[in-house]
Amino acid sequence: MGNSPSTEDKFQTLTVTREKLHQTFRRLAKERTPSVDLLTISRGIFGEVRGLDETVSLVHIKDKTGVNDDNIWKLYKSLSKWPCLRDLNQENYNYFTLGEIVILTFLLNGGFRKLGLDGNYFTKLVFILAAHVKGENKCQAEKQSMEIEQADDTKNEEVEVIIQDGVIKWELLPIVQSFDQVEAGIMNRRTLEELIKACLSMSVMRYIDNAFGIDYKHQISSLVHTIYSEGLTLQKFENNVVDFTPNLLIPLTNLFGKLLLPDDPSLHTDGKNLSIPLLAQLSTVTNIEKMLKSKALYQGSRDGFSINSILTHTSNYNAETVLLITGKIADKGNGLFYKYFPRFHPVVEAEPVVGKRFQMAIILNAPWRVSNTKNFCDDLTVVQLSPRQMTLKSKEACFYFSNIGLGLGVGSPPPLKSKHGGKITFRLRGISLTIDNSLEVGNWRVEDVSDSMFGSTSGAPSIYGDWWFKIREVEVLGLGDNETFSEQKRRLEWEEKEAERRQGLNDYKEGRALLELAGIVGQGGSGGSV
């Protein structure tokens, strides 16, 4: 081991063996992991406190964590060797030491951020490791293997370590910045599909049994459509994940959730209120626990497809809501809604997708109300879930909900309807969702991604499109607590009783008028004569 001191900013550059660097990092991970977590993990896996060199079989740890995807465990095995990513021995991934598990616990619980690495470092690392787990960069891997074999002892290979004021600056180490010189390469479609399935499964595994046995076909298709392109490079993967599915990889960091987090029975679900695959996909853009606690306020197939029915079931609900729209993409039809709709002028023509599943979620952080002339709700998130995924956040009020025949929409002002002839004037902006008054058909248009009403997007050509769709289901879910839902229920019951009381008064008045006409009740209102 040698060193070459530098006086600039009190930095020192040392050279140490790879084995020494990994031992140092393992010690740091142990020191930075709370003692209670160390005890909890050891007892959760072994039933008692054990040493860091104690091994546990993958079969046993799968049972304890609920994660049974072999490729994900190979990825974790590689991650447990960080930052020495070339020191991999995939033959032994069937066993983990407690020390490796401690490293994973530290790294997956904000460890990279604590070491000074940027928020996208983990995203890049997952891409590199996932591709190498599947052997997609075989030639490069074989080359590296030959180089390692030529060395007398790869563990004694020396690497640079940068120290400032006696502390290792991990984010500055060449071995960290270069991902140990492991080439990023290109990810194929199959590997991306398997990675997405694992992430979706892990996003709900704390809340439902057999999460890995659920069919996520529609969700995987949508996310692959969003992220994948021929020759998927690290840069493309990173851009698409950050722009469109910012929470996609978070479930990978929840590996030891079952061991470290207390169980909350109130979050367990059977999928009746919201399907498990849909929950998993929504977890890529929002907090899944809020969705698990949601209450069904309105469902078109149950309560009737009408604007007034939505209004009845959402009024007096003073908390965040989610509007879910599900249907199938269709050709443009006939009628006023289609007749006066502006033509689409795309930058890039969208591919024909007639007959494909269409689904959107609109998250509103404002109570529902009638808005026939102007928009409301300036805190809104639009998520296109299928046929591909895209997320947009509003920068100004952009939702309307009309009870005079104008339907509902996002991104544009309410349409105008002439008093004579029924002509509709649509005032579409660059990004708009428009639903007709009958809740039967709609249009989702992305024509100008620079539209100032929404936050910026990557501007990738693939997000442009003009989709007409036939609606199969419309739902509104309440994300407030139980007290909010109970208060709304009490208010609705009171309004129903008031309506019955007023109806009773009207019946009384109508009956009295008939009696007066018959001369049975006096006109003075204080009595009558027979």
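Small disclaimer: the values here were computed from a predicted structure and weren't measured. (Residues numbered from 1 in each chain as written. Predicted model: local features only at pLDDT ≥ 70, side-chain atom pairs only at ≥ 80, totals over all residues. Heavy atoms only, no water.)

Peer 1: Looking at this model, I keep getting lost on the overall build of the chain. Mind explaining?
Peer 2: When you go through the chain residue by residue, the secondary structure sums to 18 helices and 20 strands. When each of the 530 residues of the chain is scored for burial, the buried share is 49%. Of the contacts formed within the chain by residues at least 6 apart in sequence, a portion of 71% connects residues at least 24 apart. Surface accessibility of the chain: about 25,700 Å² in total, with carbon and sulfur atoms responsible for 48%. (Helix = DSSP H or I, 4+ residues; strand = E, 2+ residues; numbered from the N terminus. Buried < 20%, exposed > 50% of the residue type's maximum accessible area, 1.4 Å probe, protein only. Contact = heavy atoms within 4.5 Å. Areas by Shrake-Rupley, 256 points an atom, 1.4 Å probe, with all protein chains shown as cover.)

Peer 1: Can you walk me through the confidence of the model for the chain in this structure?
Peer 2: Reading predicted coordinates in detail is not appropriate for stretches of low pLDDT. For the chain, the mean per-residue pLDDT works out to 82, and 81% of the residues sit at or above 70. Within the model, pLDDT remains below 50 along residues 136-152, and this stretch shows 18 contacts once partners closer than five positions in the same chain are excluded. Here residues 523-530 scores under 50 on pLDDT; set against residues more than four positions off or in separate chains, the count is 10 contacts. (pLDDT = per-residue confidence, 0-100.)

Peer 1: What is the right way to look at empty space enclosed by the protein in this model?
Peer 2: Unfilled space is identified by rolling a water-sized probe across the atoms. Under the defined criterion, the tally for this structure stands at 3 cavities of 30 Å³ or more. Its volume calculated, the largest cavity comes out at about 100 Å³. Around the largest cavity, the lining is made up of 10 residues, and of these Asn-71, Ile-72, Ala-130, Thr-191 and Leu-195 lie nearest the centre. Counting only elements with at least two residues in the lining of the largest cavity, the list comes to α4 (70-79), α6 (121-133) and α9 (189-204). (1 Å grid on protein atoms, 1.4 Å probe; cavity = no way out; pocket = protein on both sides within 12 Å on 5 of 7 lines; lining within 4 Å. Points joined across faces, edges and corners; volume = space filled by probe spheres on them.)

Peer 1: What is the right way to look at the pairing of strand β18 (residues 431-435) in this model?
Peer 2: Strand residues, when the strand is regular, have side chains that alternate between the two faces of the sheet. Most of β18 is tucked away, with 5 of its 5 residues classed as buried. Residues Ile-431, Leu-433 and Ile-435 point to one face of β18 and Ser-432 and Thr-434 to the other, with burial holding for every one of them. Note: strand β15 (residues 408-410) against β18, 3 bridges, orientation antiparallel. Bridging across to β18, Leu-408 finds its partner in Ile-435. Relative to strand β19 (residues 441-446), β18 is paired through 5 bridges, and the arrangement is antiparallel. Considered in β19, the bridge of Ile-435 is made with Gly-442. Hairpin geometry of β18 and β19 is characterised by an intervening segment of 5 residues between the two adjacent antiparallel strands and by a positive phi of about 60° at Leu-439. (Pairing = 2+ DSSP bridges.)

Peer 1: What am I meant to see in the environment of Val-161 here?
Peer 2: Within the fold, Val-161 resides in strand β5 (residues 158-164). C-alpha separation for the pair Val-161 and Ile-175, spaced 14 residues apart in sequence, amounts to 8.7 Å.

Peer 1: Help me out: how do you make sense of the packing of aromatic side chains in this one?
Peer 2: The way to describe two aromatic rings as a pair is by their centre distance and the angle between their planes. Applying the stated criterion across every chain yields a total of 23 aromatic pairs. Ring centres of Phe-337 and Phe-341 lie 5.7 Å apart, and the angle between their planes is 50°; this geometry places the pair in the tilted category. Across the pair, Phe-341 and Phe-337 agree in class, each one buried. Look at Tyr-338 and Trp-468: their rings are 4.9 Å apart centre to centre, the planes differ by 45°, and that puts the pair in the tilted class. With Tyr-338 in helix α17 (residues 336-339) and Trp-468 in strand β20 (residues 465-478), this pair connects stretches of sequence that are 130 residues apart. Residue class for Tyr-338 comes out buried when judged on its relative accessible area of 11%. Through a chain of ring-to-ring contacts, three or more aromatic side chains come together here, namely Phe-25, Trp-82, Phe-106, Phe-112, Tyr-121, Phe-122, Trp-170 and Phe-179. Lying across the ring of Phe-96, Lys-77 places its NZ or CZ 4.8 Å from the centre. (Phe/Tyr/Trp six-rings, centres within 6.5 Å; stacked < 30°, edge-to-face > 60°. Lys NZ or Arg CZ within 6 Å of the ring centre and 35° of its normal.)

Peer 1: Would you explain the pattern of salt bridges in this entry?
Peer 2: Using the criterion set out here, one finds 20 salt bridges in the structure. Glu-100 is the partner of Lys-81 in a salt bridge, and the nearest nitrogen-oxygen pair spans 3.0 Å. Residue Lys-81 is located in the loop between α4 and β4 (95-97), and its partner Glu-100 is located in helix α5 (residues 98-114); the two are separated by 19 residues in the primary sequence. Taking relative accessible area as the criterion, Lys-81 reaches 21% and is therefore assigned partly exposed. The salt bridge partner of Arg-189 is Glu-193, with a shortest N-O separation of 3.5 Å. (Salt bridge = Lys/Arg side-chain N within 4 Å of Asp/Glu carboxyl O.)

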